[in-house]
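What the coordinates show
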Amino acid sequence: MGPDVPLLNEYKQEFFWKRFPQTVLGGPRFKLGYCAPPYVYVNQAVLFLTPWLFGGIGTLLCQLQLLQELHATVLSGMLMFGAAAGVQGLALYAAHRSGTVEILGGPNILVDEEEVEFNHCVSPETVRFIAPGKRFGLNVVLHTILAGVLCGFGTWYVFLGRLTALYGSIGVSLVVFVLSWVTLCIAEYSLIVNTATETATFQAQDTYEITPLTRPLYIFIFIAVDLAERFSGPVPELQLASQVLHVLFLFLPLLWALGILPPLDALLLWGMEQALVFGLGGSPMSSNLRLLLMFGISAGVAVCNYFIPSTLGVVLFSISTGFLLSLDLSQVGTLCRGPRAVFGGRGFRRGGSPPPPPSNFGWNLGCRELLLYLSLFLVAVAEAGLLHHFLGLTPSQSLVTGPQAPVSYLLLVLFCLCWALREIQGAYVFGGVFLNPLYPKGMSSVQTFKQRDRGLYIAAAIRRVLLHLVSPFAMIAFLSMDKSLQLLHRASLSVGFTRAFRVVWQNSEDALLQMVVVVLVQLAAGNKMLPGWDNLGTGVQLLLVGLLIDRLTQFLAKLKFTLTVLVTSWTEKKQRRQSAGTLLALNASLCPLLLVVVTLSALLSAPLLPLFTLPIFLVGFPRPQRSWPGPVGTACPCPDSIFYQQMSGSLASALRTAFARGSLGSLAPGSHFLGRFQDRMVWIMILERGHGYCTVNIKGLELQETSCHTVEARRVDEVFEAAFERPEQLGFTQGFNLHWGNALTPCAALAVQVYSDARNVLSGIIDSHDNLRKLQDDFLKALVWLLLRYCVQKHKGFLWSSEEGPGVGGRKSQSSQLAQTTCNQLPEAVIDSSSLTSFGDWSDEDDLFGPQPARRTVALVTAEAQPGHAVLQTGASLPGSVEMDSLFENMALSALQPLQPLGLGIGMPAVDKGCNPGIFRESASALPQLNFNCPQSEVFNLPTGWRTAPLLPSRLLQLRPLFPEDWFRFTLGQFGPAVQGETSEDMTKALKEDEALKELHAQVALSCLISLGAESAFTSPSYVYRLYCGDIPWTEGLDWLSSSKELYQLALRAFRFSFKLLFDQASLGPMESPEELFSTLEEYERDWYIGLVTEKGWHDSVLQEKPFLFSLGHDLAMGTYTGRVLSLQEQLVQVGRLNGEGVRGQWANLSWELLYATNDDEERYSIQAHPFMLRNLTVQAADPPLGYPIYSSAPLHFPCL
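Just so it is clear, the model here is predicted, and its values are computed rather than measured. (Residues numbered from 1 in each chain as written. Predicted model: local features only at pLDDT ≥ 70, side-chain atom pairs only at ≥ 80, totals over all residues. Heavy atoms only, no water.)

Re the pattern of salt bridges
All told, the structure shown has 38 salt bridges when counted by the stated rule. For Glu-688, the salt bridge identified is with Arg-290, shortest N-O distance 2.5 Å. Taken together, the residues Glu-688 in strand S6 (residues 680-690) and Arg-290 in helix H12 (residues 288-307) connect sequence positions 398 residues apart. With respect to class, Glu-688 is no different from Arg-290; both count as buried. A salt bridge links Glu-423 to Arg-422; its shortest N-O distance comes to 3.9 Å. Glu-423 sits in the buried class, given a relative accessible area of 14%. With a relative accessible area of 15%, Arg-422 lands in the buried category. The network of salt bridges with shared partners includes Arg-960, Glu-965, Asp-966, Arg-969, Glu-995, Lys-998 and Glu-999. (Salt bridge = Lys/Arg side-chain N within 4 Å of Asp/Glu carboxyl O. Helix = DSSP H or I, 4+ residues; strand = E, 2+ residues; numbered from the N terminus. Buried < 20%, exposed > 50% of the residue type's maximum accessible area, 1.4 Å probe, protein only.)

Given below as structure tokens:
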């Protein structure tokens, strides 16, 4: 797509320009897509101005001194309450009338879906159009009462006498009065008449009708400040605040229209998160419930500190609670059950990657972990108590000469060492500008990389000790001796020290930086007093420094994101729109305004929203760091999801090591990382951080790359290659990061157990006549081996389940399905619902326009044509995706059956439906008795039903020379000791020479050969492919073969083994001895899954981490057959840090564009590839329904000490 693709298509543009005026005015619909009677507009205008009318009455009576202010306020409120009740009564009446009237005739599909037929000014249709009413009765009462209260207090807020007293000018007061009532009318209309869709939309659906309360809430906040100023006496600060807020009150409609003010739910979550992090020393939480609980407990600790009379008690209580709350106490029960329970419900329940061994520290709560935590707790409490008791009350309180002086210099040294040791752990240093010369060069092998990385590992161990075992105690010593503890019973100091003692454990690295800044300020001042600064106290100083550092970091990240959008809008030709020059000129001329927008978004900790990802920047509404309201772990699963599910366990273990070492830089909740391996993209987001633990969410992006995905993936590879595949000797210019402007900054390479995917075109192998002629012999050998192995397993008492046998099942032709009655079920592409949260209620098949007929593939049709056959289960499709399965799935066109009327069975062999399905079977009593010469032969006897093939003896006799007698004896000799124990060679020899046993296995093997239609040598690749898939054409023996599930599975499995032998021998050369063939078959059985990608067994084998998997496929477009081999091995996954503010900004635009502008066009501009911003990948990684990751783990808690 070109850069000038429309931002909104024509229909969406018309929709947007109808919706936006409604948002600005609070709900009135003055712009319609059709002609409406004038009274529709007049009614809306009257309802819009009604609050002003009632407020004007109260104001007039007050100005005429007929009523006091309070009485005028009550009168306006009561009038508005009556009007609101009347509107709601009319809405209920209209809804009742509409529900009882039956509309004759069908709907007219030629008219606009939004068009309403108006009869008269108060008809039910008119009332429903203007005032739709509330869904819940409680909201009818609540919103009506709030409308009256809002009008009353609003009248009081904008009395002309009050405004004149504030500004001292009647002209200014009149302007403020008029514009303030516009704001009040907008809020009243959205509350009681019709609620407009807000540009600041957090939830996809407003289930509980919270949106109407948003605008009144902000007005009540303004009124509360004014009431505080009125009743608190002459406070200059409050008077100034009231003057400013009265002016800001006029701009509330603009702020609502631009979406800067958050909705109630986002405001509440954002406020709690900010207070918890910066006021109470906590961390953002991985779920809303955890955030609410942690905020309540932490606030309770601060309140307790305020009321504790002793400073020593405050110090001990703060350290104890700070240490305990910084731990992940919610996982104590899980950790006590061991490491498997940690990942039990988080994507690893069914196989998955095995968790790290229990010996690794932190994965379970054992004696070592308890001893360490208890030791840290006791030492910290003892140190703080002793230092505060003996040195906290010393007369000399100077930081330069007092007892804090040596600790201050120790903190400076610790900070420099920890920063330097962390900086050298990554691929780049100094903010990603320069390459790290100490980082291992070359990624030829995992072992080589680990050997070269050993030096950095030692440096990381030293840093870990300094950061987690030395720094916390140094910071506790500094705080325990602080002079401001004597003034603790002030609310600000109580909160400040509660936070200070908590953040020492919650985030030691950030706490160390904040304390160093405070120390440097004091050292720079020397013995001079800084009155404003010193009066704050150390606790509040640390709080302000932490807030300042966070906002400064956000400002720099947002500024980098802004420059990236601005510069690339012109330098990238594929991003250069016709308006690019104009937008650049506007941004340059309005540069101060642009800096104000960036600064305001940083101060509010709100995303910087680039509208349509163009250089048009707005301040998004503040929201939690997670950006999305729903629970973590929602995805749009597909068959490829299992690869991410499998690697998540090993990746979590590697991330644990990288976090502990500092290889990925500073870990702050809200940080985003991108991992790359072959065609896999892993999106990692840090949700929560505490003492010794980290909580992350791992997402997997789609493997079927689109053109946009491919462009950005190629740039990601280039960025990683520049960092990790650099030459041994770096020149001066090569030491710079040439991709510094990119959103991705490479950090480290992690060793992870993943599947390497290799695909080969089988031209020259599957169509070689020499190979196909040998396939028949290999099939018989593999079948003989499997039959004997079946007998051994049966003797030992364990057999694979008929439903879990690897490589079993497959598609069947229509003829084979009609012939089978007890055949195994068709395979399913199964996604584990326990580990992948499906987004089932989002589907392109949604019943928007009435019931839709389901799409029916050949497999579904033939399954339905079979009486009593189980119906195939189909999974939910991805939002916006197109089903790529063709009508005939992967079946070769040459292999399709001739078309015929369904259910008639024309051309099929006659089947007597009144007979037993075993019509061709001979009864067991009619079979001749087997007389084995060796007593041990009974172990290798086969079930009686396997000898009842409805085949003429002459046919079996004709094929008898094909049976591999030498291989049978050799295999029997290998399996014999497994069932005999220690026996003599004579017994083994007798077993080999038992003719009855040999004839039994020859009869069963040749019967299977005939039933599969393989009497003659294979000559057609399409026939080989059909047999491999289990799509067996009808033969006279197929009824008998399919009647026994176990034998059918063994035969199909043998054919797949034989094809794998063909593949290996064509690639590596022929087998040189029976021993080699026997060991190869054993390896297939033990280490391989040989089947189809669409089978459940493939899915389970990936999760169970089978070392190798093989599948045969057919590319219908190219007309070629392909072989796919997955091999499990330890590989290096390259991980880089993303610009978190860039991600939040693009997600904010995505939320606005889809939830407000409803711009769901799959070819829209904002989803096109952008090599610098990684726009397409970022959109994919958003939570559904806006994004579409194919895998998303639940919050993963793992240790990082």
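On we go.
Looking at the pairing of strand S7 (residues 693-700)
Across the 8 residues of S7, 8 count as buried, placing the element largely inside the fold. Residue alternation in S7 divides its side chains into two sets, Tyr-693, Thr-695, Asn-697 and Lys-699 and Cys-694, Val-696, Ile-698 and Gly-700, and both sets are buried. In this sheet, S7 lies alongside S6 in antiparallel orientation, the contact comprising 8 bridges. The residue of S7 that forms the bridge with Val-682 is Gly-700. Between S6 and the antiparallel strand that follows it, S7, lie 2 residues; Gly-692 among them carries a positive phi value of about 80°. Pairing between S7 and strand S13 (residues 1196-1199): 4 bridges, direction antiparallel. Its bridge partner being in S13, Tyr-693 is matched across the sheet by Pro-1199. Pairing of S7 with strand S12 (residues 1191-1192) involves 2 bridges; the strand directions are antiparallel. Residue pairing across strands places Lys-699 opposite Ser-1192, the latter belonging to S12. (Pairing = 2+ DSSP bridges.)

Here we look at a nonpolar patch on the surface
Nonpolar side chains collect at one region of the surface, where Leu-70, Val-74, Met-78, Phe-81, Val-141, Ile-145, Val-149 and Phe-153 lie side by side and expose about 680 Å² of accessible area between them. Only helix H3 (69-100) and helix H5 (137-157) provide two or more residues apiece to the nonpolar patch. On the secondary structure map, Met-78 appears in helix H3. Of the residues examined, Met-78 reaches a relative accessible area of 54% and is grouped as exposed. (Patch = residues over 30% accessible without salt bridge, like charges linked within 9 Å, V, L, I, M, F, W, Y side chains within 5 Å. Areas by Shrake-Rupley, 256 points an atom, 1.4 Å probe, with all protein chains shown as cover.)

Brief notes about the environment of Phe-501
Note that Phe-501 resides in helix H20 (residues 491-506). According to the relative accessible area criterion, Phe-501 is buried, its value standing at 1%. In this structure the C-alpha to C-alpha distance between Phe-501 and Ile-319, which are 182 residues apart in sequence, comes to 5.5 Å. The residues touching Phe-501, leaving out its near neighbours within four places in the chain, are Val-315, Ser-318, Ile-319, Gly-322, Leu-479 and Ser-480. (Contact = heavy atoms within 4.5 Å.)

Remarks on the UniProt feature "transmembrane region" (unreviewed entry) in the protein
Mapped onto the present numbering, the UniProt feature "transmembrane region" (unreviewed entry) falls at residues 39-62, 74-95, 136-159, 166-192, 244-270, 291-308, 370-391 and 583-604. Between the end C-alpha atoms of residues 370-391 the distance is 31 Å, and the span holds 100% helix and 0% strand. As annotated, residues 583-604 comprises 91% helix and 0% strand, and the C-alpha atoms at either end are separated by 25 Å. (UniProt positions renumbered as here; feature names shortened; annotations may be inferred.)

Here's the deal with the packing of aromatic side chains
Within the structure shown, the criterion is met by 44 aromatic pairs. Between Phe-323 and Trp-505 the ring centres are 4.9 Å apart and the planes differ by 80°, which places this aromatic pair in the edge-to-face class. Highlighted residues: Phe-323 in helix H13 (residues 311-326) and Trp-505 in helix H20, separated in sequence by 182 residues. Of the two residues examined, Phe-323 and Trp-505, each falls in the buried class. Pairing Phe-963 with Phe-968 gives two aromatic rings, centres 5.8 Å apart and planes at 50°, and the pair type is tilted. Accessibility assignment for this pair places Phe-963 and Phe-968 in one class, buried. (Phe/Tyr/Trp six-rings, centres within 6.5 Å; stacked < 30°, edge-to-face > 60°.)

Things to note about the state of the cysteines
Here a disulfide denotes a covalent bond joining the sulfur atom of one cysteine to the sulfur atom of another. Applying the stated rule across the entire model yields 0 disulfides. The cysteine Cys-1200 is free of any disulfide, with Cys-694 supplying the nearest cysteine sulfur at 5.3 Å. Residue Cys-1200 is classed as buried on the basis of its relative accessible area of 2%. (Disulfide = S-S within 2.5 Å.)

Comments concerning the packing of helix H16 (residues 367-391) against helix H19 (residues 454-480)
Across the interface, H16 lies against H19 with an axial gap of 9 Å and an inter-helix angle of 25°. The angle between the axes of H16 and H19 places the two elements in the roughly parallel class. H19 is crossed by H16, and the crossing has right-handed handedness. On H19, the residues touching Leu-376, Val-379, Ala-380, Glu-383, Ala-384, Leu-387 and His-388 of H16 are Leu-469, Phe-473, Ile-476, Ala-477 and Ser-480. For the contact of H16 with H19, the residue count by class is 9 nonpolar, 2 polar and 1 charged. (Axes fitted to C-alpha atoms, helices over the stretch in contact; angles between N-to-C directions. Parallel < 35°, antiparallel > 145°, perpendicular 65-115°, else oblique. Left-handed = near helix turned anticlockwise from the far one by under 90°. Nonpolar A, V, L, I, M, F, W, Y, C, P; charged D, E, K, R; others polar.)

What to know about H16
With 25 residues, H16 ought to run about 36 Å at 1.5 Å a step, and its terminal C-alpha atoms sit 35 Å apart, in line with that. Among the residues of H16, Glu-369, Tyr-373, Leu-376, Ala-380, Glu-383, Ala-384, Gly-385 and His-388 are the ones counted as buried. In this fold, the buried residues of H16 make contact with H13, H19 and H20. (Expected span 1.5 Å × (residues − 1).)

Points about the packing of helix H23 (residues 538-571) against helix H40 (residues 1140-1155)
For the pair H23 and H40, the least separation of the axes is 8 Å and the interaxial angle reads 65°. In this view, H23 runs roughly perpendicular relative to H40, as classed from their interaxial angle. The hand of the H23/H40 crossing is right-handed. Here Gln-554, Ala-557, Lys-558 and Phe-561 of H23 lie close against H40, whose contacting residues are Glu-1141, Gly-1142, Arg-1144 and Gln-1146. Residues belonging to the contact of H23 with H40 are distributed by class as follows: 2 nonpolar, 3 polar and 3 charged.

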